Amino acid sequence: MDPLVQMPANGVSFLHIPDDRFTTARITVSLYLPLREETAGLYAVLPYLLRRGTRSFPTMTAFNRELDRLYATSISGFVSSTGETQIVNITAGFLNDRYALGGEPMAAQCVKLLLDVLFDPPLENGVFREADVQQEIRCTLESIAAEINDKRSYAVQRCKRLLCAGEPYAVSKYGTKERVEALTPAALVEGWKALLATAPVRVTYQGSGDADAVRDAVVSRLGEREVASLPPVVIAPVKETIARENETMDVNQCQLVIGMRTEATMEHPLSDALRLANAIFGGTPHSFLFRHVREEQSLCYYCVSRLDRQKGIMLVESGVEKASLEKAEREILLQLDRLKNGEFTDEELENARLSIVDSLISVEDSASTTAQWYFSQGIDRARTPQEVVAAVRAVTREQVAAAAQTLLVDCVYTLTPDAKEETA
Amino acid sequence: MKQQTFTLATGEQVTRLFHPSGLTILVYPKAGFRSSYALFGTRYGSIDTTFVRDGRRIEVPEGIAHYLEHKLFENEDCDAFDRYAKTGASANAFTSFDVTAYLFGCSDNFEDSLEILLDFVQKPYFTEQTVQKEQGIIGQEIRMGEDSPDRRVLFNLIRAMYQKHPVRVDIAGTVESIAQITPELLYDCYYTFYNLHNMVLAVCGNVTVEGVQKVADRVLIDAKPLSLDMAFPEEPRAVGQAYVEQVMPVAAPLFYIGYKCPVEGLFLTDAQMLACELILDLLTGHGSALYASLMDKGLINDSFGGEFFEGRGFAMLLFGGESRDPKAVQAALTAEIARLQRDGIDEARFEELRASLYGRLLRRFNNIENAASTMMDDHFHDRDPFGFVETAKTLTKADVDAVLREWLCEEAAALSVVRGKEEA
């Protein structure tokens, strides 16, 4: 079941994951571009605009009725980001032929629909239709505004902005309100053409059908291209003193997010050791943070650490009472010191290793986690879960402590109740 | 041991074992999978706040089922998470309105982890001190819920719709109600509901019937037959409140429109449940005329969607999303429902939606977590595992028109809104 990576054309990477265990197959076309404040808004709107229809099915209603008829084939467009790369994705998920009630061939029809969405939108006078554009701009602006609704993820976003101010990483995958508002049908069509002409592309096919046919169909639609390269991620030093930002809102619970940097990114020799350090510190229900901050001190319901190895960032997130904020921060930093000093038992190390290896082996049993696994590596890499298992098994306790020592605290973001709420 | 075998639409088989201990066990082996998933659940949730035990009528504080779920992880001599740490499994638990379930996923050491699961859930250990310790943790979980507008808008709706049924009470309870919980009350609940006759084990993935049976034989302790009074007060057809609103920090108003379904006995039939699913797609799917029209008017965005939600003695159709004018969305939805009640569903549209429903149901086999959850739900709803796939093939337009005409009436509808301060 090993995945096969091919480079069938300049700037096109085709990843085939042969799999016949599922009732459905899936194809994703991902186009990679640098995450930039100037263009993020445009490329956030574009995939949603594209998945509204095709020249053959030009209205959203007609297009989606066709998908219903094809047993709930899903064709979705969405934007994501990894490290400092923004990714425009169009994906199709469809039933394998053997489940079609009328015996109709599914793959060929669905691949054509997917490619029509990407290459053959219903244009008017050479540009996207004004009404469609206005609707998608409105939806993206509403998504940007709604970032405030979920307090935990809002706090994480704010901490990332404080941590990486001025770096592309701080740019939201939706871009800014101002840039999105200023978009026009002409600008969007230019952006779409530029994307198809220059972006590195990863095509992922998960299924047991004719992979060559899928590959050739995409490559022929892309044609000859001059492909742009992606800039490397910015690795910056930590601030001289720990930056603090507090925001108040009409909330009951405080959000505490501690931002750290590490030089141990994907290519760094300690990168896999850092996975283990993260698991010991705050990645499992037997981690330092869970046991000491939650279970022993009863300070919170969640206290976890999350690692972004693309960018070299670790965040600790917790939700606590206002009176416990300082105590929780102190306790988290104390646990970080213990980790750096190598104050973990062999059993704690082995438990963390077991937990990571176990979840790595599970990755390929779900189409979506498999897709996520390869997707987050960018287009040049396709390291298998098994390769990482071997690497994690080889990590020593000294390497874990050394990886932990690369973690440097940069900033602390807190969201606390309004003054009014405190006296209430 | 009595057992039954079910052949699924995929050709795979599910075995149902009636274990002498009293437990029903569902085993779904998946060829080619490395990982496994197990759910050990009891027919007991937040709605079970009054019950009869040894002739005594007991009333317990709101939120106790969830509290019990947290506390069961601690046995007298150790913590279940510490035991799982040695197998590498990733464990968790959840409490819903009518079910509490303990679960784990793993790649290796399945039988060891299964033994831990079956063992710790059978060994309650509650003391003043351990019960006290959880107040801080669950207190923060409740605060987190209070700050979640998505959760508030849904729970407010259910409370507005239901006048008598205890589904109107929040699953986690309140900081005040959980303060009344004692070890004695937890034992009362435990010995009433955690009886193997009232429970199910559902496993899926890299498992065998023999392997599961071997662990069950070793670990399960025979339970006495149980008769539980599961009746709930009769719920009037009409909602309690047609409109409910809360002010919270959100970007644009969030809303849920709910229709309360009449439930004869405890559950709907398969055909009624599927008719509800199809109606939701008919009204909210991207292929629906209503969706296109609400989008054109700027009244909804991508977050608009429908959900069918049911449990012991309750069932509802939910329509939710974000809108600058939720009342206008409700008016449009009501008008479209009236039109469909008058004209019935278009025949061609019905066929498209039935194909779509069938396609969506087939996706439930793909993922071991979903498959095990589906088996557990089916069991608790007195349905055969995955029986609904066959029902979907034979569902008629008349089934759907009947639900549309008889259930979606105005007296059974309510609207819940969460809006920001400035709009209130």
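Since the structure is predicted, the reported quantities are computational estimates derived from the model, not experimental observations. All chains use their own residue numbering, which begins from 1 and follows the written sequence. Starting at A for chains and at 1 for ligands, labels are handed out in the order in which the entities are written. Thresholds applied to this predicted model are a pLDDT of at least 70 for local features of residues and 80 or more for the giving and counting of side-chain atom pairs; totals over whole chains, interfaces and linings are not thresholded and use all residues. Derived side-chain values reflect all non-hydrogen atoms in the structure, with water molecules and hydrogen atoms excluded from consideration.

Peer 1: I'd like to hear about the overall build of chain B, residue by residue, with values.
Peer 2: Within chain B one finds 15 helices and 14 strands. Each principal axis of the C-alpha atoms in chain B carries an extent, and together these give about 60 × 50 × 40 Å. Counting all 424 residues of chain B, 62% fall into the buried class. Contacts were defined at the residue level, with two residues in contact if any of their heavy atoms lie within 4.5 Å. The contacts in chain B between residues at least 6 apart in sequence include a share of 80% that link residues at least 24 apart. Areas reported as accessible are Shrake-Rupley estimates using a 1.4 Å probe. Residue values count occlusion only from the protein chains shown. When the accessible surface of chain B is split by element, carbon and sulfur atoms take 47% of a total near 15800 Å². Only four residue types enter the tally: Lys and Arg on the positive side, Asp and Glu on the negative side, with His and both chain ends excluded. By convention, the charge on Lys lies at NZ, on Arg at CZ, on Asp at CG and on Glu at CD. In chain B, 41 side chains carry a positive charge and 63 a negative one; their mean positions are 2 Å apart. Note on conventions: DSSP H or I runs of at least 4 residues are helices, E runs of at least 2 residues are strands, and numbering of each starts at the N terminus. Relative accessibility thresholds used throughout: buried, under 20% of the residue-type maximum; exposed, over 50%; partly exposed, between the two (1.4 Å probe, protein chains only).

Peer 1: Explain the overall build of chain A to me, and be specific about the residues and the numbers.
Peer 2: What chain A contains, in helices and strands, is 16 helices and 11 strands. Computed over the C-alpha atoms, the radius of gyration of chain A is 23 Å, within 12% of the 22 Å expected from 2.2 N^0.38 for a compact globule of 424 residues. Considered along the principal axes of its C-alpha atoms, chain A spans approximately 60 × 50 × 40 Å. Counting the 424 residues in chain A, one finds 58% classified as buried. The long-range fraction of contacts in chain A, counting pairs at least 24 apart against all pairs at least 6 apart in sequence, stands at 81%. Summed over its atoms, the accessible surface of chain A is roughly 16700 Å², and 52% of this surface lies on carbon and sulfur atoms. Within chain A, the 59 negative side-chain charges are centred at a point lying 2 Å from the centre of the 45 positive side-chain charges. C-alpha atoms define the radius of gyration in this analysis, and the globule rule sets the expected value at 2.2 Å times the number of residues to the power 0.38.

Peer 1: Requested: an account of the interface of chain A and chain B, with residues and values cited.
Peer 2: On the chain B side, the residues contacting the 59 residues of chain A number 64 residues. Both sides of the chain A and chain B interface together cover about 5300 Å² of buried area, and 51% of this is carbon and sulfur. Between Lys or Arg on one side and Asp or Glu on the other, a salt bridge is scored when a side-chain nitrogen of the former is within 4 Å of a carboxyl oxygen of the latter. For the pair chain A and chain B, the interface holds 6 salt bridges. The residue Glu 352 of chain B makes a salt bridge to Arg 65 of chain A at a minimum N-O spacing of 2.8 Å. We call two N or O atoms a polar contact when they sit within 3.5 Å, provided that within protein one can donate a hydrogen and the other can accept it, with sequence-adjacent residues counted only if both atoms are side-chain atoms. Remark: the boundary between chain A and chain B carries 32 residue pairs in polar contact (both at pLDDT 80 or more). For the side of chain A that touches chain B, the secondary-structure elements that each account for two or more residues are helix H2 (60-69), strand E5 (85-95), helix H4 (130-145), helix H10 (288-296), strand E9 (300-308), strand E10 (313-320) and helix H12 (346-362) of chain A. Defined in terms of a 1.4 Å probe, buried area is the accessible area two parts forfeit on being brought together, summed over both.

Peer 1: Give a description of the sheet that holds E5 of chain A that names residues and reports values.
Peer 2: Residue and element names in this part refer to chain A. Pairing between two strands is assigned when DSSP locates at least 2 bridges connecting them. An order of E1-E2-E6-E3-E5-E4 is seen for the 6 strands of this open sheet, with the pairing classed as mixed. At either margin of the open sheet sits one strand with a lone partner, and together these are strand E1 (4-9) and strand E4 (74-82). Mean inter-strand twist for the sheet, computed between neighbouring axes without regard to direction, equals 20 degrees. Examined bridge by bridge, strand E2 (residues 12-17) and strand E6 (residues 201-206) share 6 bridges and lie parallel to one another. When the bridges of E6 are listed, Phe 14 appears paired with Val 203. Only the stretch in contact is used when fitting a helix axis, every axis being a line fitted to C-alpha atoms; angles between N-to-C directions are given from 0 to 180 degrees.

Peer 1: Explain the pairing of strand E5 (residues 50-53) of chain B residue by residue, including any values.
Peer 2: Residues and elements named next belong to chain B. The alternating pattern of E5 places Phe 51 and Arg 53 on a buried face, while none of Thr 50 and Val 52, on the opposite face, is buried. Across 4 bridges, the pairing between E5 and strand E6 (residues 56-59) is antiparallel. Within the sheet, the bridge partner assigned to Phe 51 lies in E6 and is Ile 58. Counted along the chain from E5 to the antiparallel partner E6, the turn is 2 residues long, and its residue Asp 54 has a positive phi close to 50 degrees.

Peer 1: Could you give an account of the nonpolar core, naming the residues involved and the relevant values?
Peer 2: Residues Leu 31, Ile 75 and Phe 128 of chain A together with Tyr 28 and Tyr 259 of chain B are the most contacted members of the largest nonpolar core, which totals 131 residues. With 9 residues, helix H9 (residues 270-284) of chain B is the largest single contributor of residues to this core. For our purposes a nonpolar core is just a set of buried Ala, Val, Leu, Ile, Met, Phe, Trp, Tyr and Cys residues, chained together by side-chain atoms within 4.5 Å. With 57 residues, the next largest nonpolar core counts Ile 64, Met 199, Val 212 and Leu 220 of chain B among its residues.

Peer 1: Give me the lowdown on the packing of aromatic side chains, citing residues and values where you can.
Peer 2: Here a pair means two rings of Phe, Tyr or Trp (six-membered ring of Trp) with centres within 6.5 Å. Their orientation is stacked below 30 degrees between planes, edge-to-face above 60, and tilted elsewhere. Evaluated as defined, the whole model comprises 29 aromatic pairs over all chains. Between the aromatic rings of Tyr 44 of chain B and Tyr 194 of chain B, the centroid separation amounts to 6.1 Å while the plane-to-plane angle is 75 degrees, which identifies the pairing as edge-to-face. Linking Tyr 44 of chain B in the loop between strand E4 (36-42) and E5 with Tyr 194 of chain B in the loop between helix H7 (183-193) and strand E9 (199-205), this pair joins segments that are 150 residues apart in sequence. One exposure class covers both Tyr 44 of chain B and Tyr 194 of chain B, and it is buried. Consider the rings of Phe 73 of chain B and Phe 120 of chain B, whose centres lie 5.0 Å apart with planes at 35 degrees: the pair is tilted. One end of the pair, Phe 73 of chain B, is in the loop between helix H1 (64-72) and helix H2 (80-85); the other, Phe 120 of chain B, is in helix H3 (residues 110-121), with 47 residues separating them in the sequence. For the pair Phe 73 of chain B and Phe 120 of chain B, one class covers both residues: buried. If you follow Arg 21 of chain A out to its NZ or CZ, it ends over the ring of Phe 33 of chain B, 4.6 Å from the centre. Whether a charge sits over a ring comes down to the Lys NZ or Arg CZ being within 6 Å of the ring centre and within 35 degrees of the ring normal. A cation over a ring is seen here: Arg 338 of chain A above Phe 288 of chain A, with NZ or CZ 4.1 Å from the ring centre.

Peer 1: Help me get a handle on the environment of Arg 383 of chain A, residues and values and all.
Peer 2: Residues and elements named next belong to chain A. Take Arg 383: it is sitting in the loop between helix H13 (367-375) and helix H14 (385-394). A residue is classified by how much of its surface remains accessible, and Arg 383, at 25% relative accessible area, is partly exposed. Taking C-alpha positions, Arg 383 is 16 Å from Pro 18, a pair spaced 365 residues apart along the chain. Among all residues touching Arg 383, those that are not within four sequence positions of it are Asp 272, Arg 275, Arg 309, Trp 373, Tyr 374, Gln 377, Val 388 and Ala 391. Of the polar contacts made by the side chain of Arg 383, one reaches the side chain of Asp 272; its length is 2.9 Å.

Peer 1: Could you give me a rundown of helix H4 (residues 128-146) of chain B, with the residues and numbers involved?
Peer 2: All names here are of chain B. For a helix, the expected span equals 1.5 Å multiplied by the residue count minus one. Helix length check: H4, at 19 residues, gives a terminal C-alpha distance of 27 Å against a target of 27 Å (1.5 Å per residue), a fit within 8%. Maximum bend of H4: about 30 degrees, positioned at Gly 136. Taken as a whole, H4 has its buried residues at Thr 130, Val 131, Glu 134, Gln 135, Ile 137, Ile 138, Gly 139, Gln 140, Glu 141, Ile 142 and Gly 145. Bend angle per residue: angle between axes fitted to the 7 residues ending at that residue and the 7 residues starting there.

Peer 1: Account for the confidence of the model for chain B, naming residues and giving values.
Peer 2: Mean pLDDT over chain B: 95, with 99% of residues reaching 70 or higher. On the interface metric, ipTM, the complex scores 0.92, and its pTM is 0.94. Known as pLDDT, the predictor's per-residue confidence is scaled from 0 to 100.

Peer 1: So, the sheet that holds strand E8 (residues 100-106) of chain B: which residues are in play, and what are the values?
Peer 2: All names here are of chain B. Pairing in this open sheet of 7 strands is mixed, and the strands run E1-E2-E3-E9-E4-E8-E7 from one edge to the other. Strands at the two margins of the open sheet, each flanked by one partner only, are strand E1 (2-7) and strand E7 (90-95). The average undirected angle you get between the axes of adjacent strands in this sheet is 15 degrees. Of the pairings in the sheet, the one linking E4 to E9 comprises 7 bridges and is antiparallel in character.

Peer 1: Give me the side chain of Lys 71 of chain B: which residues, what numbers.
Peer 2: Mapped onto the fold, Lys 71 of chain B is located in helix H1. Only 2.8 Å separates the side chain of Lys 71 of chain B from the side chain of Glu 134 of chain B, close enough to count as a polar contact.

Peer 1: Kindly report on unusual backbone geometry, identifying the contributing residues and their values.
Peer 2: Residues and elements named next belong to chain A. Here the phi dihedral of Ala 72 falls at roughly 60 degrees; this positive angle occurs in a residue that is not glycine. At Ser 298, a residue that is not glycine, the phi angle is positive and equals roughly 50 degrees. You can see Ser 298 is positioned in the loop between H10 and E9. Judged by relative accessible area, Ser 298 falls into the buried class, the value being 17%.

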